[in-house]
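The lines below spell out each chain.
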There are 2 protein chains.
Amino acid sequence: MINFALPKTFFNMSKCDQCIVREFSSLKALNKDELLKLSDCKTSHTIKKGEVIFEEGENINGIYCVKDGICKLTKLSPNGKDHIVKLIKKGELLGQRSMISDEPVNLSAVALEDMEVCFIPKSEVMGFFDKNNQFSMNVMKTICSDLKDSDDHMVSMAQKSVKERLAETLIYLEETFGKNVDGSLVIQLSREELSGMIGTATESCIRLLSDFNKLGLIELSGKKIVLKDINKLKKIAE
Amino acid sequence: MINFALPKTFFNMSKCDQCIVREFSSLKALNKDELLKLSDCKTSHTIKKGEVIFEEGENINGIYCVKDGICKLTKLSPNGKDHIVKLIKKGELLGQRSMISDEPVNLSAVALEDMEVCFIPKSEVMGFFDKNNQFSMNVMKTICSDLKDSDDHMVSMAQKSVKERLAETLIYLEETFGKNVDGSLVIQLSREELSGMIGTATESCIRLLSDFNKLGLIELSGKKIVLKDINKLKKIAE
DNA sequence: CTAAAAATATGATAATTATCATATAAATGA
DNA sequence: TCATTTATATGATAATTATCATATTTTTAG
């Protein structure tokens, strides 16, 4: 997305019907009138890398539409570590479950890159829910998909070794977020974050990355990770 | 529930508006007319302990309402072990996610006790969906609750030790399914099943149960497990 | 640009967990 | 009933993973 660094006021004025990422989410079911209403009530926000969009336990009273950038959804475990439950990229919505359950969010959202997000108040979304069947069906399908992913993920966490989980996660990152021209993963997580995704100590994660590197499965240069042998990685991940 | 071992035909005739477990599920939103329609199209089934209701990958084309008994929802991991993702008791519905996503089920359902279940065809449920807003909202909230549970569960699996997970699971079993007059857990899982819930080798699970027993946290007698010191167990589970 | 802080890396060691072997107890079926 | 299978239990050992210590590299702030 080209951003000419327009002043925030203008950005706030931007119309949802011209927003391309809308097409990637449940919002694609909204008609012109609904989109106009949406434009009026939404607020746009710039989030800097590392900033928190919302925190576990908070009442956010609406949903966020990610216009640009990537964020992590984390949950603090009693052992003091943040587990990364999910990564969210542009086009996706945040806070749907919380809104429907009428509960505080159970995950924190933290920007991994600079982000542009729009906040849509609950009242507005619930209105679409009542009147637009396709919209509510879309939301429902998204949450169902999240549930399936989460169940699958749970089984991986419970049944696979750390090595298997690391291989699986590296493949997931490449498949979901792609690679740069030099072949390196577009999404750059710190070793600590990667550990927080696979559920392991940071040192163990670093050690396994070194092993993969020595075995020629990946290539490490600074923060960059290149997957060199996806087939072998897939075999490890099973 | 008292069951006089009525012939199956009579059982099939039973009316949904007189079914008490309906009140525990999303179906409570249905009105009299809808319940009559439901009675006509549902089929009732007796499932013996150990029998499979549906299997991962199957297209079930409807949902099951659990009238009596408990079943496990499992997913086969590449390591050959069945992971128990969730336990389902009477009053709950099965197969909602699959129906909404219009996908095969991603979990298998196996009876842990003799069960009575009713099958409701997809066409019927989807009709309620369109016409009864409260019903679809109930389903949505159930799935949202499942998603939250699954995310929480995922973090436990990823971040907690086997000992912590075992303590957590024992408490969950007592809180969810209750205890007998002698104080033992109502739900009786084999050691292998318990291992499949916490994601560990059966021997490790047995060993930890022995440890808990020796520490006076639980009492083992045959298949029976009595939680003797819930506070300490909770502390272990964190 | 440089000092300080943070992230990454690796070694040494301890703790956890899995695996294999084997014994005992319980459940099942003819 | 008894034999046979299956489940539970425990020991010995190996493999995995975490923890602590300490370099080294990279990033950040002044």
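Here the residue numbering is sequential within each chain, running from 1 through the sequence in written order. Lettering of chains starts at A and numbering of ligands starts at 1, both following the order in which they are written. For this predicted model, a pLDDT threshold of at least 70 governs which residues receive local features, and a threshold of 80 or more governs which side-chain atom pairs are given and counted, while totals over whole chains, interfaces and linings are taken from all residues. To obtain the side-chain values, all non-hydrogen atoms of the structure were used and water was disregarded.

Section: the overall build of chain A
Strands are runs of DSSP state E lasting at least 2 residues, helices are runs of H or I lasting at least 4, and numbering of each runs from the N terminus. Within chain A, the secondary structure is distributed over nine helices and ten strands. The C-alpha atoms of chain A give a radius of gyration of 19 Å, which matches the 18 Å a tight globule of 238 residues would have. When the 238 residues of chain A are sorted by exposure, 51% land in the buried category. Expressed as a percentage of contacts within chain A between residues at least 6 apart in sequence, the contacts between residues at least 24 apart total 69%. Areas reported here follow the Shrake-Rupley algorithm with a probe of radius 1.4 Å; residue values treat only the protein chains shown as occluding. Entry remark: accessible area of chain A is about 11300 Å², with carbon and sulfur atoms responsible for 52%. Charged side chains of chain A number 34 positive and 35 negative; the gap between the two group centres comes to 4 Å. Atoms counted for the radius of gyration: C-alpha only. Globule rule: 2.2 Å times residue count to the power 0.38. Between buried and exposed lies partly exposed: a residue is buried under 20% and exposed over 50% of the maximum accessible area for its type, with that area taken using a 1.4 Å probe on protein chains only. By definition, residues are in contact when any of their heavy atoms lie within 4.5 Å. In this tally, Asp and Glu contribute negative charge and Lys and Arg positive charge; neither His nor the terminal groups of the chain are included. By convention, the charge on Lys lies at NZ, on Arg at CZ, on Asp at CG and on Glu at CD.

Here we look at the nonpolar core
In this structure, A:Ile100, B:Ile100 and B:Phe135 are the most contacted members of the largest nonpolar core, which totals 49 residues. Other than its neighbours up to four places away in sequence, B:Ile100 contacts A:Met137, A:Met140, A:Lys141, A:Cys144, B:Phe129, B:Val139 and B:Ile143. Among the buried residues, those of types Ala, Val, Leu, Ile, Met, Phe, Trp, Tyr and Cys that are joined through side-chain atoms within 4.5 Å form a nonpolar core. Among the nonpolar cores identified, the runner-up in size contains 44 residues, and A:Leu107, A:Ala111, A:Met157 and A:Ala158 belong to it.

Some thoughts on the packing of helix α2 (residues 32-41) of chain B against helix α4 (residues 122-131) of chain B
All names here are of chain B. Following both chains from N to C, one finds α2 and α4 inclined at 165°, their axes separated by 11 Å at the closest point. Judged by the angle between their axes, α2 and α4 are roughly antiparallel. Considering how the two elements wind past one another, α2 and α4 form a crossing that is right-handed. Mapping the contact onto sequence places Glu 34, Lys 37, Leu 38 and Cys 41 in α2 and Glu 124, Phe 128 and Lys 131 in α4. Three classes are used: nonpolar for Ala, Val, Leu, Ile, Met, Phe, Trp, Tyr, Cys and Pro, charged for Asp, Glu, Lys and Arg, and polar for all others, with Gly counted as polar. Each residue belonging to the contact of α2 with α4 can be placed in one class, and the counts come to three nonpolar, no polar and four charged. In this description, a line fitted to the C-alpha atoms serves as the axis of each element, helices being fitted only across the stretch in contact, and the angle between N-to-C directions of two axes falls anywhere from 0 to 180 degrees. For this classification, under 35 degrees means roughly parallel, over 145 means roughly antiparallel, 65 to 115 means roughly perpendicular, and everything else is oblique. Each helix crossing is assigned a hand: it is left-handed if the near helix lies turned anticlockwise from the far helix by less than a right angle, otherwise right-handed if that turn is clockwise.

As for the protein's contact with DNA strand D
Here a residue is considered near a molecule or strand provided that any single heavy atom belonging to it is located within 4 Å of it. The local shell around DNA strand D holds 15 residues, among which A:Val162, A:Thr200, A:Ser204, B:Arg191 and B:Ser210 are the closest. Sugar plus phosphate: this is where 53% of the atoms of DNA strand D within 4 Å of the protein reside. Here a base nitrogen of DNA strand D sits 2.9 Å away from a polar atom, N or O, in the side chain of B:Arg207. For the surface near DNA strand D, the elements supplying multiple residues, two or more each, are α8 (202-214) of chain A together with α7 (191-198) and α8 (202-214) of chain B. The definition of a polar contact used here is a pair of N or O atoms within 3.5 Å, where within protein one atom must be able to donate a hydrogen and the other to accept one, and adjacent residues in sequence count solely through side-chain atom pairs.

Some points on the relation of the copies chain A and chain B
Each of the two copies of the chain can be brought onto the other by a rotation about an axis and a shift along it. Superposing copies: least-squares fit, C-alpha atoms only, residues required to have pLDDT of at least 70 in both. The two copies are related by a screw operation: chain A maps onto chain B through 180° of rotation and 0.0 Å of translation along the axis, at an RMSD of 0.0 Å. What we have between these two chains is a two-fold relation. Here 98% of the interface residues in chain A have copies in chain B that are interface residues too; the copies meet face to matching face.

Describing the pairing of strand β3 (residues 62-68) of chain A
Residues and elements named next belong to chain A. The buried fraction of β3 is high, at six of seven residues. Both β3 and strand β8 (residues 115-121) contribute to a ladder of six bridges, which runs antiparallel. The partner of Asp 68 across the bridge, within β8, is Glu 116. For two strands to pair, DSSP has to find at least two bridges joining them.

So, α8(B)
Residues and elements named next belong to chain B. One fewer than the residue count of a helix, multiplied by 1.5 Å, yields its expected span. The end-to-end C-alpha distance of α8 is 18 Å, a good match for the 18 Å that 13 residues give at a rise of 1.5 Å each. Turning to α8, the residues buried within the fold contact α6 (162-177), α7, β9 (218-221) and α9 (230-237). Directly beyond the C-terminal end of α8, a positive phi value near 80° is found at Gly 216.

Concerning the protein's contact with DNA strand C
As a matter of local geometry, DNA strand C sits amid 15 residues, with A:Arg191, A:Ser210, B:Val162, B:Thr200 and B:Ser204 nearest to it. The sugar-phosphate share of atoms of DNA strand C within 4 Å of the protein amounts to 54%. In the model, a phosphate oxygen of DNA strand C is placed 2.4 Å from a nitrogen or oxygen of the B:Thr200 side chain. For DNA strand C, a phosphate oxygen lies 3.2 Å from a polar atom in the backbone of B:Ala201. Elements with a contribution of two residues or more to the surface near DNA strand C: α7 (191-198) and α8 of chain A together with α8 of chain B. Take the surface near DNA strand C: its biggest share by element is four residues, from α8(A). Here the residues of the surface near DNA strand C are counted per class, giving three nonpolar, five polar and seven charged.

Some details on the sheet that holds strand β5 (residues 82-88) of chain A
Residue and element names in this part refer to chain A. The four strands are arranged β2-β7-β4-β5 in an open sheet whose pairing can be described as antiparallel. Looking along the sheet, the strands with just one partner apiece sit at the ends: β2 (52-54) and β5. In this sheet, adjacent strand axes meet at a mean angle of 30° when their direction is disregarded. Contacts between α7 and the sheet are confined to β4 (71-76) and β5, with β5 contributing the most and set at about 90° to the helix.

Points about the packing of aromatic side chains
Residues and elements named next belong to chain A. For Phe, Tyr and Trp, rings pair up if their centres lie within 6.5 Å, where Trp contributes its six-membered ring, and each pair is then called stacked (planes under 30 degrees apart), edge-to-face (over 60) or tilted (otherwise). For the structure shown, the criterion picks out ten aromatic pairs over all chains. Here the aromatic cluster, defined as three or more aromatic residues joined through ring pairs, consists of Phe 54, Tyr 64 and Phe 119. Definition used: whenever NZ (Lys) or CZ (Arg) falls within 6 Å of the ring centre and also within 35 degrees of the ring normal, the charge is taken to sit over that ring. For Lys 89, the ring lying beneath its charged end belongs to Phe 177, and the centroid distance is 5.8 Å.

A closer look at the interface of chain A and chain B
Taken together, the contact between chain A and chain B spans 42 residues of the former and 41 residues of the latter. Simply put, the buried area is the total loss of 1.4 Å probe accessible area from both parts when two parts are fitted together. Both sides of the chain A and chain B interface together cover about 3800 Å² of buried area, and 69% of this is carbon and sulfur. A per-residue breakdown of the area chain A buries against chain B is headed by A:Met140, A:Met154 and A:Gln159, which together make up 17% of the total. When a carboxyl oxygen of Asp or Glu is within 4 Å of a side-chain nitrogen of Lys or Arg, the pair counts as a salt bridge. For the interface between chain A and chain B, the tally reads two salt bridges. Among the salt bridges present, the one from A:Lys75 reaches B:Asp152, with a minimum N-O distance of 3.3 Å. Our enumeration of links across chain A and chain B arrives at nine residue pairs in polar contact (both at pLDDT 80 or more). For the side of chain A that touches chain B, the secondary-structure elements that each account for two or more residues are β5, α3 (96-101), α4 (122-131) and α5 (133-159) of chain A. Broken down by element, the side of chain A that touches chain B gets its largest block of residues, 20 residues, from α5(A). Residue composition of the side of chain A that touches chain B, by class: 15 nonpolar, 13 polar and 14 charged.

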